[in-house]
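# Remarks on the overall topology
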Amino acid sequence: MQIYNSLNRKKEEFIPGNPGKIGMYACGVTVYDLCHIGHARSLVVFDMIYRYLKYRGYEVTFVRNFTDIDDKIINRSNERGVSWKALAEQYIEEFYVDMDRLGLLRPTYEPRATDHIVEIIELVRKLEEKGLAYAVDGDVYYRLQDFKGYGKLSGKNIDDLLSGARVEVDDRKESPLDFALWKKSKPGEPSWESPWGAGRPGWHIECSAMSRKFLGDTFDIHGGGKDLIFPHHENEIAQSEGASGKPLARFWVHNGFVNIDSEKMSKSLGNFLTIRELLEECHPEILRFFVVSSHYRSPIDFSNENVAVAAASLERLYQSLDRLLRTAAGASATTSSMDEKIDSWRQDFTTAMDDDFNSAAACAVLFEVSKEVNRWLDADIAAEDDKPAAAGCIARFLREIGAPLGLLQEDPQAFLQRGGSDGELSAVEIEALIADRAAARSGRNWAAADRIRDLLDEKGVILKDSAAGTLWQRKH
RNA sequence: GGCGCCAUCGCCAAGUGGUAAGGCAGAGGUCUGCAAAACCUCCAUCUCCGGUUCAAAUCCGGAUGGCGCCUCCA
């Protein structure tokens, strides 16, 4: 398996430190607001990676943190007049609502910064002992000049950073680049006792402390959005490697951004979209398809048109799955005449995903299967005693390779008939009209039958007549 | 100013030296009472200019055009 390593900016053969086992850490969210689709992409990408690594038979320990204390949380809690703790709790709950709807697997551990103050203090002390940290007036800073190798992830060097520094000058710091490991708390702010007085952790230190606790000094994969490369991940390296003297992560994996209508999504532009808002418009698997249909490192452009393309594409796959399931009609044989074909498709899928999680190429395999299946189902060739069994095997296989991508896990009918909210016809009403139309049709009263179909069409319902009866789905 | 990324059909998107996957949309056809779905056929030489090579979308140089990070950020 090849994975692109941000550390060296190239694809490298991925070999876990412990055979068969993988330790993976992904930076999670700061819980002071609802998640937007940029978070969604990152979350879906690492969920896909987690799922795929497990699919490949690895025992994966996946850690994703919650940053539940920081300036933004404190500011917002002051604005709202609620405690920082209550605010964090609220958005952790909201986070889970979104994640469950997106079908994200729960990581092995989801540590919170404030549950690891002891570990954080211990780590800061260790850095202090090694001369890599210094305390000033209740704050503790990292002494950057003394950590050689700073900038190896982001490709920056200390001199360039110093010359172009836009950081606030703070006379108490030895260098403008030194960053806070521990912050003295102001009166009224949340605080924890420490050797340096009451305070709270800096932003970067929690990840170093928690990854070490759950995964050890060195682990396999560390991930997050591209924007975290500098300074967050760079600083994590300085902290963790400064303290342990060992490499922090073997592979650094970073996902690309989400743009909206070709513009960077940002709060200042007012063009950010929450996961919740989007999910009112489209099925969660459509969002997942949208994410997974491009490579995780490329930027993706979010627009109504692109979501519509994703929806239409996914529908095609579900049409095939639907036909397969109908043909299988409960057949549960685990082998069939299609086994060889299935093995070959599985190989194609694995080859695609083994190449730096190339999910876009993996999607192409899904469509190849779909195409061949439709052709096979249409052909109606003889010697098909095996057909239900084979169809069942293929359906199961489609779901097997769809699973790491988070696709095709829904009941096809439910997916194709999704929607039906306010003002639209209910399934019962639709079925009734279909029955009326069937009566008209059996009397060869085409005009009446077409009138009903046109009516349904206006209401966004499409009919599919077949020998087995009439199926319906909603237009989207 | 420093560092880095990208540019493939109307849209989305793979491809990393051997002669352009896939999806959506579009055109024609098959099936159908008519449709829908599906199937068949058609639909790009890869921003531009040089270079390396028997061979380049793929490597090198340059140009143009996008974008990101350097400040909180997935």
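For clarity, every value in this text was computed on a predicted model and none was experimentally measured.

Along the backbone of chain A there are 16 helices and 15 strands. Across the 476 residues of chain A, 52% fall into the buried class. Partitioning the intrachain contacts of chain A with sequence separation of at least 6 by distance along the chain shows that 76% fall at a separation of at least 24. Working note: accessible area of chain A is about 21,600 Å², and carbon and sulfur atoms make up 49% of it. For chain A, the separation between the mean place of its 60 positive charges and that of its 76 negative charges on side chains is 1 Å.

We note that the domain assignment places domain 1 (16-264), domain 2 (312-416) and domain 3 (427-474) within chain A. For domain 2 and domain 3, the distance between their C-alpha centroids amounts to 29 Å. Both faces combined, the contact of domain 2 with domain 3 buries some 400 Å², and carbon together with sulfur accounts for 29% of it. The largest share of the area that domain 2 buries against domain 3 comes from Gln-319, Arg-326 and Leu-416, three residues that together contribute 70% of it. For the interface between domain 2 and domain 3, the tally reads zero salt bridges. The interface formed by domain 2 and domain 3 holds three residue pairs in polar contact (both at pLDDT 80 or more) in total. A per-element tally of the side of domain 2 that touches domain 3 places helix α10 (residues 304-328) first, with four residues. Tallied by class, the residues present in the side of domain 2 that touches domain 3 amount to one nonpolar, two polar and three charged.

Let's shift gears to the layout of surface pockets. The volume enclosed by the second largest pocket comes to roughly 470 Å³. Forming the boundary of the second largest pocket are 24 residues, of which Glu-280, Glu-281, Cys-282, His-283 and His-476 lie nearest the centre. For the lining of the second largest pocket, the secondary-structure elements that each account for two or more residues are α8 (275-281), α9 (284-292) and α10.

Read across the sheet, three strands follow the order β12-β11-β13 without closing on themselves; strand pairing throughout is mixed. Since the sheet does not close on itself, it has two edges, and those belong to β12 (263-264) and β13 (300-302), each with one partner. As paired strands, strand β11 (residues 258-260) and β12 are joined by two bridges and run antiparallel to one another. In the sheet register, Ile-260 faces β12, and the bridge partner there is Glu-263.

Given a rise of 1.5 Å per residue, 19 residues ought to cover 27 Å, and the 27 Å separating the end C-alpha atoms of helix α3 (residues 84-102) matches this to within 8%. Next to the buried residues of α3 lie β3 (21-30), α1 (37-55), β4 (59-67), α2 (71-80), α8 and α9. A positive backbone phi angle near 70° is found at Gly-103, which sits one or two residues after α3.

Before going further, it helps to examine the packing of aromatic side chains. This structure, assessed with the given rule, holds 21 aromatic pairs. Considering the side-chain rings of Phe-66 and Phe-95, the 5.1 Å spacing of their centres and the 80° angle between planes classify their relative orientation as edge-to-face. Residue Phe-66 is located in strand β4, and its partner Phe-95 is located in helix α3; the two are separated by 29 residues in the primary sequence. Classification of Phe-66 as buried rests on a relative accessible area of 2%. Centre to centre, the rings of Tyr-142 and Phe-147 are 6.4 Å apart; their planes meet at 80°, and the pair counts as edge-to-face. Neither Tyr-142 nor Phe-147 differs from the other in exposure class; each is buried. Counting every residue linked through ring pairs, the aromatic cluster contains Tyr-52, Tyr-55, Tyr-296, Phe-349 and Phe-357. Lys-264 extends its terminal NZ or CZ atom over the ring of Phe-257, reaching a point 6.0 Å from the ring centre. Looking at Arg-418, its charged tip hangs above the ring of Phe-415, at a distance of 4.2 Å from the centre.

This part is about the pattern of salt bridges. As enumerated under the stated definition, the model contains 36 salt bridges in all. Taking the shortest distance from any N to any O, the salt bridge between Asp-139 and Arg-172 comes out at 2.6 Å. Placement of the pair is Asp-139 in strand β6 (residues 139-142) and Arg-172 in the loop between α5 (158-163) and β7 (180-184), with a sequence separation of 33 residues. Asp-139 gets classed as buried once you look at its relative accessible area, which sits at 10%. On the basis of relative accessible area, Arg-172 is assigned to the partly exposed category, the value being 32%.

In the region of RNA strand B, 56 residues are neighbours, and Trp-203, Gly-225, Ser-313, Asp-378 and Arg-453 sit closest. Expressed as a percentage, the sugar and phosphate content of the atoms of RNA strand B within 4 Å of the protein is 64%. Broken down by secondary-structure element, the contributors of at least two residues to the surface near RNA strand B are α1, α5, β9 (219-225), α10, α12 (359-379), α15 (427-442), α16 (446-458) and β14 (461-466). It is α12 that contributes the most residues to the surface near RNA strand B, nine residues altogether. In the surface near RNA strand B, the residues fall into 17 nonpolar, 20 polar and 19 charged.

About the cut-offs
- Residues numbered from 1 in each chain as written.
- Chains lettered and ligands numbered in written order.
- Predicted model: local features only at pLDDT ≥ 70, side-chain atom pairs only at ≥ 80, totals over all residues.
- Heavy atoms only, no water.
- Helix = DSSP H or I, 4+ residues; strand = E, 2+ residues; numbered from the N terminus.
- Buried < 20%, exposed > 50% of the residue type's maximum accessible area, 1.4 Å probe, protein only.
- Contact = heavy atoms within 4.5 Å.
- Areas by Shrake-Rupley, 256 points an atom, 1.4 Å probe, with all protein chains shown as cover.
- Lys, Arg positive; Asp, Glu negative; His and termini not counted.
- Charge placed at Lys NZ, Arg CZ, Asp CG, Glu CD.
- Domains from an automatic or database assignment.
- Buried area = accessible area lost by both parts, 1.4 Å probe.
- Salt bridge = Lys/Arg side-chain N within 4 Å of Asp/Glu carboxyl O.
- Polar contact = N/O pair within 3.5 Å; in protein donor to acceptor, adjacent residues only side chain to side chain.
- Nonpolar A, V, L, I, M, F, W, Y, C, P; charged D, E, K, R; others polar.
- 1 Å grid on protein atoms, 1.4 Å probe; cavity = no way out; pocket = protein on both sides within 12 Å on 5 of 7 lines; lining within 4 Å.
- Points joined across faces, edges and corners; volume = space filled by probe spheres on them.
- Pairing = 2+ DSSP bridges.
- Expected span 1.5 Å × (residues − 1).
- Phe/Tyr/Trp six-rings, centres within 6.5 Å; stacked < 30°, edge-to-face > 60°.
- Lys NZ or Arg CZ within 6 Å of the ring centre and 35° of its normal.
- Near = heavy atom within 4 Å.

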